[in-house]
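# Remarks on the overall topology
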Amino acid sequence: MCEGIAFSCLSFSWNLLRTSNEKRRSRCGMRRFQQLFYPNEADFFRPLVTGPLQKCYDYVTSDFLASGSQKASQEGVLKSRPSVSFHGLNISPPVVLAPMAGVTSYPYRSICREFGAALFVSEMVLAHTLVEGNREALKLAQFGPLETPRSIQLAGSNPDIMERAARLLVEEIKVDHIDLNFGCPVKKITSRGYGSIIPLHPHLLRDLIRAVVRGVEGRVPVTIKIRAGVDDTRLTYLTAGQIAQDEGCAAVMLHSRTAAQLYSGKARWHFIKSLVHTLTIPVLGNGDIWRAQDALAMMDETGCAGVVIGRGCLGRPWLYRDLTEALAGRAIPDAPLLGESVDTMLKHAHRMHEWYAPGTALLAFRKFIKWYLQGYPNTEHVLTAAFDATSLEQLHDALQPLDRSTPLVPDWYLRPTFAGNTSSK
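These notes cover the structure that comes with them.

Of all 6 residues making up strand E7 (residues 222-227), 6 are buried, and the element is well covered by its neighbours. Residues Val 222, Ile 224 and Ile 226 of E7 are buried on one face, and the alternating residues Thr 223, Lys 225 and Arg 227, pointing to the opposite face, are buried as well. Here strand E6 (residues 177-182) pairs with E7 via 5 bridges, running parallel. In the sheet register, Asp 179 faces E7, and the bridge partner there is Thr 223.

What follows covers the pairing of strand E4 (residues 119-126). The buried fraction of E4 is high, at 7 of 8 residues. As defined by bridge partners, strand E3 (residues 95-97) adjoins E4 across 2 bridges and the pair is classed as parallel. When the bridges of E4 are listed, Val 96 appears paired with Leu 119. Pairing of E4 with strand E5 (residues 151-155) involves 4 bridges; the strand directions are parallel. The partner of Val 121 across the bridge, within E5, is Ser 151.

A full pass over the atoms with the stated rule returns 6 aromatic pairs. Between Tyr 108 and Phe 368, the ring centres sit 5.4 Å apart and the planes meet at 45°, which makes this aromatic pair tilted. Note that Tyr 108 is positioned in helix H5 (residues 106-115) and Phe 368 in helix H16 (residues 358-373), a separation of 260 residues in sequence. Exposure class is identical for Tyr 108 and Phe 368. Each is buried. Ring centres of Tyr 237 and Phe 271 lie 5.1 Å apart, and the angle between their planes is 55°; this geometry places the pair in the tilted category. Placement of Tyr 237 in helix H11 (residues 237-246) and of Phe 271 in helix H12 (residues 270-278) is noted, with a sequence separation of 34 residues between them. When its relative accessible area of 5% is taken as the criterion, Phe 271 is described as buried. Through pairs of rings, three or more aromatic residues link up here, namely Tyr 108, Phe 365, Phe 368 and Trp 371.

Looking now at the pattern of salt bridges. This model, assessed by the stated rule, comprises 18 salt bridges. A salt bridge links Arg 113 to Glu 147; the shortest N-O distance between them is 3.6 Å. Taken as a pair, Arg 113 in helix H5 and Glu 147 in the loop between helix H7 (135-140) and E5 lie far apart in primary sequence, 34 residues in all. The shortest N-O distance in the salt bridge between Glu 247 and Arg 210 comes to 2.8 Å. Of this pair, Glu 247 sits in the loop between H11 and strand E10 (251-255) while Arg 210 sits in helix H10 (residues 202-216), and the two are 37 residues apart along the sequence. The exposure class of Glu 247 is buried, given its relative accessible area of 12%. For Arg 210, a relative accessible area of 38% corresponds to the partly exposed category. Via salt bridges that share partners, Arg 109, Arg 113 and Glu 147 belong to a single interconnected network.

Before going further, it helps to examine the sheet that holds E10. Sheet architecture is closed into a barrel: 8 strands sit in the order E3-E4-E5-E6-E7-E10-E11-E12, paired in parallel fashion. Here the average twist between neighbouring strands, direction ignored, is 30°. Relative to the sheet, helix H13 (residues 292-302) contacts strand E11 (283-286) and strand E12 (306-309), its axis offset from that of E12 by approximately 135°. Contacts from helix H14 (residues 319-327) reach E3, E4 and E12 within the one sheet, and its direction differs from that of E3 by about 165°.

Attention shifts here to the nonpolar core. If you look at the biggest cluster of nonpolar residues, it comprises 100 residues, and the most contacted ones within it are Leu 130, Leu 154, Ile 178, Leu 180, Tyr 320 and Leu 395. For this core, the element with the most residues is H16, which contributes 7 residues. In this structure Ile 178 touches Ile 152, Leu 154, Ala 166, Leu 169, Val 170, Val 216, Val 220, Pro 221, Val 222 and Thr 223, once residues within four positions along its chain are discounted. In terms of nonpolar packing, the next biggest core, distinct from the first, is built from 13 residues, Val 84, Val 96, Val 121 and Leu 284 among them.

With that settled, consider helix H15 (residues 338-355). Between its first and last C-alpha atoms H15 spans 26 Å; for 18 residues at 1.5 Å apiece the expected length is 26 Å, and the two agree. Residues of H15 that are buried: Leu 338, Gly 339, Ser 341, Val 342, Thr 344, Met 345, Leu 346, His 348, Ala 349, Met 352 and Trp 355. Where the residues of H15 are buried, they touch H5, H7, H16 and helix H18 (392-398).

So, how was this worked out
Residues numbered from 1 in each chain as written. Predicted model: local features only at pLDDT ≥ 70, side-chain atom pairs only at ≥ 80, totals over all residues. Heavy atoms only, no water. Buried < 20%, exposed > 50% of the residue type's maximum accessible area, 1.4 Å probe, protein only. Helix = DSSP H or I, 4+ residues; strand = E, 2+ residues; numbered from the N terminus. Pairing = 2+ DSSP bridges. Phe/Tyr/Trp six-rings, centres within 6.5 Å; stacked < 30°, edge-to-face > 60°. Salt bridge = Lys/Arg side-chain N within 4 Å of Asp/Glu carboxyl O. Axes fitted to C-alpha atoms, helices over the stretch in contact; angles between N-to-C directions. Contact = heavy atoms within 4.5 Å. Core = buried A, V, L, I, M, F, W, Y, C linked by side-chain atoms within 4.5 Å. Expected span 1.5 Å × (residues − 1).

Below you can see the structure in the form of structure tokens.
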């Protein structure tokens, strides 16, 4: 009986709170406020429910939230998401290709661009190698003849050199956007004082951002990419995000894992939500986006302005087609059959051959072969011949035995054999 009375009281209180808050939001024009800061409607009222009613509140809202989440998953593809602007550089749809070493060179960026729109960021380049005129660094900073916008990621630990490198990128290479790498967790980067180790030193982080912003002189937007922290005991993302905003960055991109996690375990999207609530500049989320539905879910759950795609697009450039459709509120297309994936792979290989020296192109391309075939059954038998190919003709012949009508396995990315699945490592 007591539970029934408490439940009735809570129901009355819940309706009263909803009514009064709806009137307040209507009167003040703050519906958008709730959407930004309390995308989960129950959180809007949680601070007002305390004491003996808390247990009943949790019981009632558990069903409310479950039904709301189910509804969101059913309707997610029907709701259009707005573009995001980096100080005048409009990104529509609000999707960014994460810079990845050995992956996001011009050939792959051009392939991804054919499937959908996004901001396609080039590979990371170290500031000092760029300033010194290193040939490999200049190749990393090279763009296609018609490629626009030109986006590149810069890394370094010396403010003076970072400023010089930023000025060079704007004035000589004519970039349209510079992203700063403060998130790379790889030991060979962090051991040299770059990447995800820098946010541990807020004064250095501030000096580096300030130097790059000064170097570009407002001509192009500057963003930063960070991790949640070094480990769970040293979370730095809120401080780093605030510094970025204070120093004039246009946006913050947050990979919601710590550096210690590398790419294992689950990305913790609540870090993204916390940063969204802290900053006024756009926050873009990164981590565990394998399908367009994941991007919709992240934006709905966290309120982030856009998404950053890394491993989820490896060998799957059509993910940008899916994202373009989903973020426009349209139906997500069916996954391509194996034949389409093979055709895209061969086109990519040809562009790698044109972009790099003939002797190195196919060596650099080997890792893509498995990525393009992952998720399609009965493809392992061609891998050895494909890896051993020394010419485009041999690669083409090695892939001939494949059944082009083979469909992609549903939820293939959850399989332990998937290259991006490091949960067991």
